[in-house]
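One-letter residues, chain by chain:
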Amino acid sequence: MRVLVTGGAGFIGSNFVRHIVNEYGWETIVYDKLTYAGRIENLRDVLDRIKFVRGDIADEESFTRMVRDFQPDVIVNFAAETHVDRSINEPAPFIKTNIVGVFTILETMRRIGYDILLLHVSTDEVYGDLWGTSRESSEEDALNPSSPYSASKASGDLLIKAYGRTYGLKYRIVRPCNNYGPYQHPEKLIPRSIIRILYNKPPVLYGDGSQVRDWLYVEDTAKAITLVIEKGSDREIYNVCGNMYATVREIVEKILEAMGKPKSFIVYGKPRPGEDRRYAMVCAKIRELGWKPLVGLETGLRLTVKWYLENEWWWKPLVDERYVLADHPW
Ligand code: NAD
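A short tour of the structure in this document, coming up. (Residues numbered from 1 in each chain as written. Predicted model: local features only at pLDDT ≥ 70, side-chain atom pairs only at ≥ 80, totals over all residues. Heavy atoms only, no water.)

Digging into the state of the cysteines
Stated formally: Two cysteine sulfur atoms make up a disulfide if the distance between them is within 2.5 Å. Each helix is a run of H or I in the DSSP string that is no shorter than four residues. Each strand is a run of E no shorter than two, and both are numbered from the N terminus. Only protein chains enter the calculation, and the probe is 1.4 Å; a residue is then buried if its accessible area is under 20% of its type maximum, exposed if over 50%, and partly exposed in between.
This model, assessed by the stated rule, comprises one disulfide. Disulfide pairing is shown between Cys 241 and Cys 283; the S-S distance is 2.0 Å. Since a negative S-S torsion denotes a left-handed disulfide, the Cys 241-Cys 283 link at about 125° is right-handed. Taken together, the residues span a long stretch of sequence, with Cys 241 in the loop between strand S10 (236-240) and strand S11 (245-247) and Cys 283 in the loop between strand S12 (267-269) and helix H9 (284-288) at a distance of 42 residues. Look at Cys 241 and you get buried, because its relative accessible area is 0%.

So, the site of the ligand
This is how it is decided: Whether a residue is near a molecule or strand depends on its heavy atoms: it is near if one of them lies within 4 Å of it. Whenever a nitrogen or oxygen atom comes within 3.5 Å of another N or O atom, the pair is scored as a polar contact, on the condition that within protein one atom can donate a hydrogen and the other can accept it, and that pairs from neighbouring residues in sequence are kept only if both atoms are in side chains. In short, Shrake-Rupley with a 1.4 Å probe defines the accessible areas, and a residue's cover is counted only from the protein chains shown. Gly is placed with the polar residues, together with every amino acid not listed as nonpolar (Ala, Val, Leu, Ile, Met, Phe, Trp, Tyr, Cys and Pro) or charged (Asp, Glu, Lys and Arg).
Around the ligand, the structure places 28 residues, and the nearest of them are Ile 12, Asp 32, Thr 82, Tyr 149 and Lys 153. Within the contact set of the ligand, a nitrogen atom lies 3.1 Å away from a backbone nitrogen or oxygen of Lys 33. Backbone polar atom of Thr 35 to an oxygen atom of the ligand: 3.1 Å apart, as the coordinates give it. For the ligand, whose accessible area on its own is 830 Å², the fraction buried by protein is 97%. Counting residues per element, the ones that place at least two in the shell around the ligand are helix H1 (11-24), helix H5 (148-167) and strand S7 (178-180). In terms of residue class, the shell around the ligand is built from 13 nonpolar, 11 polar and four charged.

With respect to the packing of aromatic side chains
Inclusion rule: Each pair of aromatic rings taken from Phe, Tyr and Trp, with Trp reduced to its six-membered ring, is defined by centres within 6.5 Å and is described as stacked if the planes are under 30 degrees apart, edge-to-face if over 60, and tilted in the remaining cases.
Enumeration according to the criterion identifies 13 aromatic pairs in this entry. Ring centres of Tyr 183 and Trp 314 lie 5.8 Å apart, and the angle between their planes is 90°; on these two criteria the pair is classed as edge-to-face. Highlighted residues: Tyr 183 in the loop between S7 and helix H6 (189-198) and Trp 314 in helix H11 (residues 312-315), separated in sequence by 131 residues. Where Tyr 308 meets Trp 314, the ring centres are 6.2 Å apart and the plane angle is 75°; that geometry is what we call edge-to-face. On the basis of relative accessible area, Tyr 308 is assigned to the buried category, the value being 0%. Given the relative accessible area of 1%, Trp 314 is considered buried.

Here is the structure:
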């Protein structure tokens, strides 16, 4: 199997690459722009077994050359701008990568004209806020995004579906819930909270921290994506979640406990503009393929706290004033 992994130097992408190289030995090229979120260090233990090319998915010439030269069986697209706070402050890069970038991948596949499977990584955020209901989103539900980030991801999904129907392109879309684990950028909730505690700064919650999320350890997501490549069906969408719900406040309280600090250390701040209060999905389809999460929330959080405590070399250069140390980025 020849796999082209776009965005493979980021958080989930690098964990996925580690999984397919170690467990499957698939021939792998990572194509990544190395934005502030992408780092070659994320792949350091597998670099001798993959090829790495620095490039932008929205750069048609460079991406076409990549695909023509490598002739992948599957393109797994993780490349995206991913931080909701940044999308609130500056939406343009989200439009460029998450919409124009996906469009460029699709156009390249259409022009090249041979059978490639696009495995696209979307998100539960495309379904929008379920607060005030007991509903769970299923794959056929209408998309109802709230932030520039989720709107750009929803747009990517719609373009892919249209190219499948109009041009017969082969795709599979996965929509994972909130991921956490090693190599997640310090701007995101869990690493941000751990690092702030290490700096003796309080973890700041947006609003009262009652937002409900479904939390999945990143290795389980990597396995789910691999399974969809192996056993999924073309032009299908797979929600990926473990129904391990917890509020943002509960997550931060567990981190504080693991790090020996009292819950009273938390500071409750301004609500995030447009914030979704609850996500939940039905994940029966991916379970029917034979997947289930193997890492529970308590274990996953413990492993994650341990990893950040032991890998200061990795996160220290990424700690910035605006998105990690400031109480609010907007
Ligand atoms: P990340 O921000 O850690 O990594 C994104 C990667 O994409 C980086 O390596 C970056 O350099 C690269 N990239 C960005 N723009 C690019 C471009 N134009 N061309 C090539 N490479 C580019 O993101 P992540 O958390 O690993 O998320 C990966 C994917 O999974 C994204 O599509 C995201 O929407 C989706 N997702 C993430 C989560 C989560 O909780 N982290 C949950 C559901 C879905």
